[in-house]
Amino acid sequence: MGKLIKNHWARLIILTAASYQLLASLEAFFWPKFFFDFLTKNFDYAVKPYPILQTTNVVLALVTLLYEWPLKWVGGTRLQRSLGVRMVWLPLAALSAILMYQGTNAALYYVIGLGVYVWGYCEGE
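Heads up: these notes are all about the structure in this document. Worth saying up front: this structure is predicted, and the values here are computed from it rather than measured.

This brings us to the overall build of the protein chain. When helices and strands are tallied, the protein chain shows 5 helices and 0 strands. In the protein chain, the order of α-helices and β-strands from amino to carboxyl end is α-α-α-α-α. If you line up the protein chain on its principal axes, its C-alpha atoms span 50 × 30 × 25 Å. When the 125 residues of the protein chain are sorted by exposure, 36% land in the buried category. Look at the contacts in the protein chain between residues 6 or more apart in sequence, and 74% of them connect residues 24 or more apart. On the protein chain, roughly 7800 Å² of surface is accessible, and the fraction owed to carbon and sulfur atoms is 71%.

Quick look at the structure:
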């Protein structure tokens, strides 16, 4: 059997999470809902009448897709190869995704992908 390359596996998980986040945020433009609205209604202004959270999630998903599946001018740069940048960026994307009701699965995928990145880093990949 072959050896599991955790960095590639984590990259695929993050690509899935970013795609899910993009589609969920596009859906949230039509059916806006804040995830923690059962606790308080104070944050409903983040999703309606102005789609602040949805727009933020679209931008974060597109940047994550660009970062994990890079174009020629991004791929191979020091910034794109940096694991430290991923360790800062992915929790922020997960936090933004979990605030929106439609993006909770994407947030879970982000956390799993981040855990796999850490696992690979700890094993010296």
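A few words on the packing of helix H1 (residues 6-28) against helix H5 (residues 104-122). Contact pair H1 / H5: the axes reach a minimum separation of 8 Å and the direction vectors enclose 165 degrees. Classified by the angle between their axes, H1 and H5 sit roughly antiparallel to one another. Crossing handedness for the pair H1 and H5: left-handed. The residues of H5 that touch H1, namely those facing Lys6, Asn7, Trp9, Ala10, Arg11, Ile13, Ile14, Thr16, Ala17, Ala18, Tyr20 and Gln21, are Asn105, Ala106, Tyr109, Tyr110, Ile112, Gly113, Leu114, Val116, Tyr117, Trp119 and Gly120. Class assignment of the residues belonging to the contact of H1 with H5 gives a composition of 15 nonpolar, 6 polar and 2 charged.

Bringing the side chain of aspartate 44 into the picture now. One can find aspartate 44 in the loop between H1 and helix H2 (52-68). Once you skip the residues sitting within four places of it in the chain, aspartate 44 turns out to touch Phe34 and Asp37.

Between its terminal C-alpha atoms H2 stretches 24 Å, which fits the 24 Å expected from 17 residues at 1.5 Å a residue. Regarding H2, the residues found buried are Leu53, Gln54, Asn57, Val58, Leu60, Ala61, Thr64, Leu65, Tyr67 and Glu68.

About the thresholds
Residues numbered from 1 in each chain as written. Predicted model: local features only at pLDDT ≥ 70, side-chain atom pairs only at ≥ 80, totals over all residues. Heavy atoms only, no water. Helix = DSSP H or I, 4+ residues; strand = E, 2+ residues; numbered from the N terminus. Buried < 20%, exposed > 50% of the residue type's maximum accessible area, 1.4 Å probe, protein only. Contact = heavy atoms within 4.5 Å. Areas by Shrake-Rupley, 256 points an atom, 1.4 Å probe, with all protein chains shown as cover. Axes fitted to C-alpha atoms, helices over the stretch in contact; angles between N-to-C directions. Parallel < 35°, antiparallel > 145°, perpendicular 65-115°, else oblique. Left-handed = near helix turned anticlockwise from the far one by under 90°. Nonpolar A, V, L, I, M, F, W, Y, C, P; charged D, E, K, R; others polar. Expected span 1.5 Å × (residues − 1).

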